[in-house]
Amino acid sequence: MSPLTMALALALVALVLALPHLAPPMHWLFPQVERPVYERASFVELILSHLGLVLASSAAAALVGVSAGIFATRPSGLEFAPLINAIAAIGQTFPPVAVLAISVPLLGYGGPPTLVALAVYAALPITESTIAGLTAVSRDVKDAAEGLGFSRLRMLGDVELPLALPIILTGIRIAVIINIGTATIGSTIGALTLGSPIIEGLSASNPAYVLEGAVVVALLAIFVDRLFEDGVHWARQRSGASP
Amino acid sequence: MIELDHVVKRYGGRGAVDGLTLDIEARTLCTFVGPSGCGKSTTLRLINALIRPDQGVIRIDGKDIAELKPETLRRGIGYVIQSIGLFPHWNVADNIGTVPRLLRWPKARIEARIDELLHLLRLDPGEFRTKFPHQLSGGQQQRVGVARALAADPNIVLMDEPFGALDPPTREALQGEIRRIQAETKKTIVFVTHDMDEALRLGDRVAVMQSGKLVQFATPAEILARPANDFVRQFVGGADMSIRVLAVARVAERMAPDGAGQGQARGEAIREDASLKEALTMMMTSGRDALPVIDQEGRRLGIIRLGDLAHL
């Protein structure tokens, strides 16, 4: 972890722990608001629930997306590659809110529909980046691997995936960052997330709630993004792409 | 021994390899040479089953390779390509140890073998073991490529224009290494090149190909002395041919032993395995018309005179 990432993590933890004690300064900032600190659920609870949704949906999306990407680049799946690519590309033009809205009539309100909507949406960039990463592995390296007697499975595990990893990680990074933002909207359909204070603040004309939720979720997104930056850097080094 | 028996491989109706029959003797270096698209690389890829023939049989030590699992076959055959294809995410040691790992050798044996090969390719293990491919020069990369191909001690090594992308001095140095390694390890090496000089310099026998067919399969001296047709004659270089003979023929073939009434030669000696071209160069630079000849251990063998170089 780089020093910046570490500092962001500390800032995030400090903010979440300090928020319940920040009533006096918030009062001063928003004098017209009666209760300026969100108390319906603790911020620790909100951030854990939010992260739980993001992690579970991203993990499922990574599993589906990477598998689809691998399938589309195997000889047996090659003819499906254009179709899979088209779905991934067109799917991403849907705004994430729309995906969330579609899942409600199918799955009702609360955490589960949010989870499914996030997972479906996140699978798209991961599929796309997996196909891009595996396709970018140099023909020479694959030729050498085949000529030296790698089986298809070992070629995938020992050569193709490690070399594609930086690009795949970039796709997962995009997916996770989108999910952190989109999960806040999950509160409109009843999921407990960092969006809960934002939504409630908007409907009850309480800008203090909006500010608290927004700052925490923004800090979380920046921290996770830096974490991926470190991860991609590490993966690039391992794949010999940079010194 | 590698036997190709009426092998045909077609691409889009055209015979890339068109009824090729030849035997490559074990423990010799055979070069395949010809212009682009003559089928030489295709032939190489047929031998390790990267592609399958449409007709014909390829046998290695009497066994039809179509009956072997391709992975098993390839792990027993070294493979070097022009683009080198080192694994960029593995260091030099891991790259060289690739096939032994696939064959599940014990770790200690793999490590010992890696050092042995780095020594064989004149790369210092202390310096190079932990380097990554992108930290090496082109010549060093291909040395590692050759070491990787030799790692599991295969009887056969296939080389597909391995030095084509290297600068001339590096290429010549590596050609020297291949000759030396072939002499030391007695591998069967099949070497594809489009460079006639390289083919003549390295090959015990040279297979000249044109449009998927074998035009001539003979020793370098034979090819230079009696090209099979105009295509070969032109390919070996018309007027420059006699100069090429000098580069191919060895001093040992033309020298006279001591005491045969040839007189005496003084000064710096030439080794019997040097080429006639080197002998001529030495004569010209030192202003002598005869050189003493010695063997690898430095023992005096005889004499070579300017006149010995000229008769073909």
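Here we summarise the structure given alongside this text. (Residues numbered from 1 in each chain as written. Chains lettered and ligands numbered in written order. Predicted model: local features only at pLDDT ≥ 70, side-chain atom pairs only at ≥ 80, totals over all residues. Heavy atoms only, no water.)

Residues and elements named next belong to chain B. Evaluated as defined, the whole model comprises 28 salt bridges over all chains. Put simply, Arg 129 and Glu 111 hold a salt bridge, and the shortest N to O gap is 2.8 Å. You can see Arg 129 sitting in the loop between α6 (125-128) and α7 (138-150) and its partner Glu 111 sitting in helix α5 (residues 107-120), a full 18 residues away along the chain. The class for Glu 111 is partly exposed, based on a relative accessible area of 31%. The salt bridge partner of Arg 122 is Glu 177, with a shortest N-O separation of 3.0 Å. Of the two residues, Arg 122 is situated in the loop between α5 and α6 and Glu 177 in helix α8 (residues 168-185); the sequence distance between them amounts to 55 residues. Using a relative accessible area of 53% as the deciding quantity, one classes Arg 122 as exposed. What you see here is one network of salt bridges that share partners, running through Arg 122, Arg 143, Glu 177, Arg 180 and Glu 184. (Salt bridge = Lys/Arg side-chain N within 4 Å of Asp/Glu carboxyl O. Helix = DSSP H or I, 4+ residues; strand = E, 2+ residues; numbered from the N terminus. Buried < 20%, exposed > 50% of the residue type's maximum accessible area, 1.4 Å probe, protein only.)

The next point concerns the interface of chain A and chain B. Taken together, the 21 residues of chain A in the interface contact 23 residues of chain B. Interface area, chain A with chain B, both sides summed: about 1,900 Å², of which 63% is carbon and sulfur. Between the two partners, chain A and chain B, sit 1 salt bridge. Here Asp 143 of chain A ties to Arg 45 of chain B by a salt bridge, and the two come within 3.2 Å at their closest N and O atoms. Every element with two or more residues in the side of chain A that touches chain B is listed here: α7 (139-148) and α8 (152-185) of chain A. The element contributing the most residues to the side of chain A that touches chain B is α7 of chain A, with 8 residues. Residues of the side of chain A that touches chain B, tallied by class, amount to 9 nonpolar, 6 polar and 6 charged. (Contact = heavy atoms within 4.5 Å. Buried area = accessible area lost by both parts, 1.4 Å probe. Nonpolar A, V, L, I, M, F, W, Y, C, P; charged D, E, K, R; others polar.)

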